[in-house]
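Below, each chain spelled out in residue letters.
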There are 2 protein chains.
Amino acid sequence: MSVLVAGTIAIDDIKTPTTAHKNLLGGSACYAAISASYFAPTVLQGIVGHDFPAEHVETLKKHGVDLSGVEHSDGKTFYWSGEYFDDLNTRETLDVQLNVIEDYHPKLDESVAKSKIVLLANMSPVTQMEVLQQCHADFIIADTMDLWINVTLEPLKALIEKIDLLILNDSEAKQLAGTNNLITAGNRLLEMGSKYVAIKKGEHGSMLFAKNHFFTCGAFPLHEVLDPTGAGDTFAGALAGYLAKSEGVVSFKDLCQGVVQGTVMASFVCEAFSTKMLHELDDAKIQARYDEFIRYTQVI
Amino acid sequence: MSVLVAGTIAIDDIKTPTTAHKNLLGGSACYAAISASYFAPTVLQGIVGHDFPAEHVETLKKHGVDLSGVEHSDGKTFYWSGEYFDDLNTRETLDVQLNVIEDYHPKLDESVAKSKIVLLANMSPVTQMEVLQQCHADFIIADTMDLWINVTLEPLKALIEKIDLLILNDSEAKQLAGTNNLITAGNRLLEMGSKYVAIKKGEHGSMLFAKNHFFTCGAFPLHEVLDPTGAGDTFAGALAGYLAKSEGVVSFKDLCQGVVQGTVMASFVCEAFSTKMLHELDDAKIQARYDEFIRYTQVI
């Protein structure tokens, strides 16, 4: 099965305590689509401006990402610039220019809309809903962030009612659920309508909630995080790709294994700047780290 | 095999945002010994004053804890009083009176010293070393805390060189290792001399380090934490008891299973005040939660 990844396509400038780079390939959908492409045929839906570098197009193509869902506009590409501090635990957005995504209303080709697994990578829940309404998916995943909880809460709630899996990080889960207990938060989010909820906790791993199921795993151990940008998108992309690779109805076990696969892929992306590490992977490297992670977490 | 638990025996007064109790059974060794007693014959080494309530003695006896290592003094029992704030994430010590532990130099009976698994529960590393030097143990575990890193760093370092497993929490691990990366911290602590290092992360679970091995697991999911006092001691006690139950040389696999057992027992103790929940357990309840935790963490 193929996976559709819809979200932002961006040009990023990123600073960390040790280094800085400009004009990087960024955006939630790019990280997620490249990550997903290691597991299943991947279609990308999004919009770019006239300034989107040809090398970034080549990069996506090299990963076999189907770009037939990428719309082009005369404006400028969505731009994000951020800086990391304090051993990369805090991030400050220096500049955001919405540009072409400001008035973006996705039009899905039939070939794109027929994907059975859909990942609505992080973007406005209004746009996520527009994609969702054009899809014929079996399983819909949506990622979100604090910005949308703050500025588009009602559209986000409406979206959550229509999806199968909501992905968000721990502070966002607490904020959206109105509690400091993450277990209570996960269960309250389930009551908002999505069948499953995944809470990402960075270096502390992640948790997966269903009505009568629960799963928790740690993060892959990293001695150094060089750039955590896109780690959450990469996690979501791998999870979506893994589900697309599996046959039949998505089970809780599939989701657990997808979370582990997401954990593994997210660990790679943190080890180098931007999407760099994602370009250096192959199936053997991914399998080796997956096996290593299994050894690190299984007691029976 | 039997396990020796040496540490503090205390009278605690505890306040939480919802309730307060006085004259509770407390101290690192009491939590740890009761926890260990569910897995193996447990001997307690420590000191009490003339005011130590008979009901606390009865409580320990009811759990089958061998009190032949408990020394008696004319002074007052070690006293601790603390208050929890902010959904129990921060704790303030209101009062500490060392009393009889101030000049305590443990004298181990031969029957106590012969235990093959020894847990040096949290107390001064100077006292921990005095116990260690009288033991003929196969495997020695030491728990510690920030206070000892701050005031008795050199004795703590000397102790770490002589033990098999060091247990401490995440902020203590970072402080002692001088790094904000927990993976680097774990490995640096191994270089200080103990064969294994376990880092406790509260609601985020724990990690176990060895030279060529690593293990990580989440915490047992709790909707509510009523009183986290003694959770770390309970974790260490269950781990020690589990090792004592196992036969032969301690393997990394044994330690992983012991960490899971510690995780399960620590989750129980958080659900009620003081040691209360530890008194209400039985093998079936412990096994049921262990099995539940295995389902929550295993993907293969």
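See the structure shown above.
Quantities reported herein were computed from a predicted structural model and do not represent experimental measurements.

Some thoughts on the packing of aromatic side chains
Here is step 1 of the chain: Applying the stated criterion across every chain, the model contains 12 aromatic pairs over all chains.
Here is step 2 of the chain: With centroids separated by 6.4 Å and ring planes inclined at 35°, the aromatic side chains of A:Tyr196 and A:Phe252 adopt a geometry described as tilted. With A:Tyr196 in strand S11 (residues 196-200) and A:Phe252 in helix H10 (residues 252-270), this pair connects stretches of sequence that are 56 residues apart. Just as A:Tyr196 is buried, A:Phe252 falls in that class too.
Here is step 3 of the chain: On the basis of an interplanar angle of 80° and a centroid distance of 5.1 Å, the ring pair of A:Phe214 and B:Tyr296 is categorised as edge-to-face. With one member in each of two chains, A:Phe214 in strand S13 (residues 213-217) and B:Tyr296 in helix H12 (residues 283-297) form a pair that bridges those chains.
Here is step 4 of the chain: On the basis of relative accessibility, which here comes to 15%, the residue B:Tyr296 falls in the buried class.
Here is step 5 of the chain: Lying over the aromatic face of A:Phe268, A:Arg289 brings its terminal NZ or CZ to 4.0 Å of the ring centre.

Some words on empty space enclosed by the protein
Here is step 1 of the chain: Scanning all chains against the criterion turns up 1 cavity of 30 Å³ or more.
Here is step 2 of the chain: Taken as a whole, the largest cavity holds about 40 Å³ of empty space.
Here is step 3 of the chain: Lining the largest cavity we find A:Thr216, A:Cys217, A:Gly218, A:Thr297, B:Thr216, B:Cys217, B:Gly218 and B:Thr297.
Here is step 4 of the chain: Put simply, the parts of the chain that give the lining of the largest cavity at least two residues each are S13 of chain A together with strand S13 (213-217) of chain B.
Here is step 5 of the chain: Tallied by class, residues from the lining of the largest cavity come to 2 nonpolar, 6 polar and no charged.

Re the packing of helix H9 (residues 231-245) of chain B against helix H10 (residues 252-270) of chain B
Two measures define how a pair of helices packs: the angle their axes make with one another and the distance between the axes.
Residues and elements named next belong to chain B.
Here is step 1 of the chain: Remark: H9 packs on H10, axes separated minimally by 7 Å, with the N-to-C direction vectors making an angle of 140°. With respect to H10, the axis of H9 lies oblique. When the axes of H9 and H10 are compared, the crossing they make is right-handed. Across the interface between the two elements, Ala231, Thr234, Phe235, Ala238, Leu239, Tyr242 and Leu243 from H9 touch Asp254, Leu255, Gln257, Gly258, Val259, Gln261, Gly262, Thr263, Met265, Ala266, Val269 and Cys270 from H10.
Here is step 2 of the chain: Grouping the amino acids of the contact of H9 with H10 by side-chain chemistry returns 12 nonpolar, 6 polar and 1 charged.

Thoughts on helix H8 (residues 182-191) of chain A
All names here are of chain A.
Here is step 1 of the chain: The buried fraction of H8 is high, at 7 of 10 residues.
Here is step 2 of the chain: Looking only at H8, the buried set comprises Leu182, Ile183, Thr184, Ala185, Gly186, Leu189 and Leu190.
Here is step 3 of the chain: Next to the buried residues of H8 lie strand S10 (165-169), helix H7 (170-177), S11, strand S12 (206-210) and S13.
Here is step 4 of the chain: One or two steps after H8, the chain reaches Gly193, where phi turns positive at roughly 130°.

Topic: the sheet that holds strand S1 (residues 3-6) of chain B
All names here are of chain B.
Here is step 1 of the chain: Strand order in the open sheet formed by 9 strands is S5-S4-S1-S8-S9-S10-S11-S12-S13, with mixed pairing between adjacent strands. Looking at strand neighbours, the two that pair on one side only are strand S5 (66-72) and S13, the edges of this open sheet. Averaged over all pairs of adjacent strands, the angle between strand axes in this sheet comes to 15°, irrespective of strand direction.
Here is step 2 of the chain: Across 4 bridges, the pairing between strand S11 (residues 196-200) and strand S12 (residues 206-210) is antiparallel. Among the inter-strand pairings, Lys200 is bridged to a residue of S12, identified as Ser206.

Overview of the sheet that holds S12(A)
Residue and element names in this part refer to chain A.
Here is step 1 of the chain: Across the sheet, which stays open at both edges, the 9 strands sit in the order S5-S4-S1-S8-S9-S10-S11-S12-S13 with mixed pairing between neighbours. The open sheet is flanked by strand S5 (66-72) and S13, the only strands paired with a single partner. Within the sheet, the average angular offset between the axes of one strand and its neighbour, ignoring direction, is 15°.
Here is step 2 of the chain: In the sheet, S10 pairs with S11 via 5 bridges, with the strands oriented parallel. By the bridge assignment, Leu166 is partnered in S11 with Val197.
Here is step 3 of the chain: Seen against the sheet, H8 touches S10, S11, S12 and S13 and runs at an angle of roughly 40° to S12.

Structural notes on the side chain of A:His56
Here is step 1 of the chain: Mapped onto the elements, A:His56 comes out in helix H2 (residues 54-62).
Here is step 2 of the chain: For A:His56, a relative accessible area of 5% gives the class buried.

Quick look at the side chain of A:Thr184
Here is step 1 of the chain: Its place among the elements puts A:Thr184 in helix H8.
Here is step 2 of the chain: Leave out the neighbours within four places in its chain, and A:Thr184 touches A:Thr179 and B:His223.

Considerations on unusual backbone geometry
Here is step 1 of the chain: With phi around 50°, A:Asn99 is a residue other than glycine that occupies positive phi space.
Here is step 2 of the chain: Relative to the helices and strands, A:Asn99 is located in the loop between strand S7 (90-97) and helix H3 (110-113).

Remarks on the pairing of strand S2 (residues 10-15) of chain A
Residues and elements named next belong to chain A.
Here is step 1 of the chain: Among the 6 residues of S2, 5 are classified as buried, and the element is accordingly described as predominantly covered.
Here is step 2 of the chain: Sheet topology places S2 next to strand S3 (residues 20-26); 5 bridges connect them, and they run antiparallel. Among the inter-strand pairings, Ile14 is bridged to a residue of S3, identified as His21.
Here is step 3 of the chain: A loop of 4 residues connects S2 with S3, the two strands running antiparallel in sequence.
Here is step 4 of the chain: For S2 and strand S6 (residues 78-85), the ladder comprises 6 bridges, and the chain directions are parallel. Within the sheet, the bridge partner assigned to Asp13 lies in S6 and is Ser81.

Here we look at the relation of the copies chain B and chain A
Here is step 1 of the chain: At an RMSD of 0.0 Å, chain B and chain A line up after a rotation of 180° and a shift of 0.0 Å along the axis. These values place the two chain copies in the arrangement generated by a two-fold rotation axis.
Here is step 2 of the chain: Taken as a fraction of all interface residues of chain B, those also at the interface in chain A reach 100%, which identifies the copy contact as same-surface.

A look at H12(B)
Here is step 1 of the chain: When the terminal C-alpha atoms of H12(B) are compared, their 21 Å separation across 15 residues agrees well with the 21 Å that a helix rising 1.5 Å per residue should span.
Here is step 2 of the chain: Where H12(B) is concerned, the buried positions are B:Ile286, B:Arg289, B:Tyr290, B:Phe293, B:Ile294, B:Tyr296 and B:Thr297. When H12(B) is viewed along its axis, its buried side chains cluster within an angular range of 160° and face the same direction. Exposed and facing more than 90 degrees away from the buried side of H12(B) are B:Ala284 and B:Arg295.
Here is step 3 of the chain: On its buried face, H12(B) is in contact with S13 and helix H12 (283-297) of chain A together with S13 and H10 of chain B.
Here is step 4 of the chain: Its side-chain oxygen 3.1 Å from the backbone nitrogen of B:Ala284, B:Asp282 forms the N-cap of H12(B).

Cut-offs and rules
Residues numbered from 1 in each chain as written. Chains lettered and ligands numbered in written order. Predicted model: local features only at pLDDT ≥ 70, side-chain atom pairs only at ≥ 80, totals over all residues. Heavy atoms only, no water. Phe/Tyr/Trp six-rings, centres within 6.5 Å; stacked < 30°, edge-to-face > 60°. Helix = DSSP H or I, 4+ residues; strand = E, 2+ residues; numbered from the N terminus. Buried < 20%, exposed > 50% of the residue type's maximum accessible area, 1.4 Å probe, protein only. Lys NZ or Arg CZ within 6 Å of the ring centre and 35° of its normal. 1 Å grid on protein atoms, 1.4 Å probe; cavity = no way out; pocket = protein on both sides within 12 Å on 5 of 7 lines; lining within 4 Å. Points joined across faces, edges and corners; volume = space filled by probe spheres on them. Nonpolar A, V, L, I, M, F, W, Y, C, P; charged D, E, K, R; others polar. Axes fitted to C-alpha atoms, helices over the stretch in contact; angles between N-to-C directions. Parallel < 35°, antiparallel > 145°, perpendicular 65-115°, else oblique. Left-handed = near helix turned anticlockwise from the far one by under 90°. Contact = heavy atoms within 4.5 Å. Pairing = 2+ DSSP bridges. Least-squares fit on C-alpha atoms with pLDDT ≥ 70 in both. Expected span 1.5 Å × (residues − 1). Arc of directions from axis to C-beta. Polar contact = N/O pair within 3.5 Å; in protein donor to acceptor, adjacent residues only side chain to side chain.

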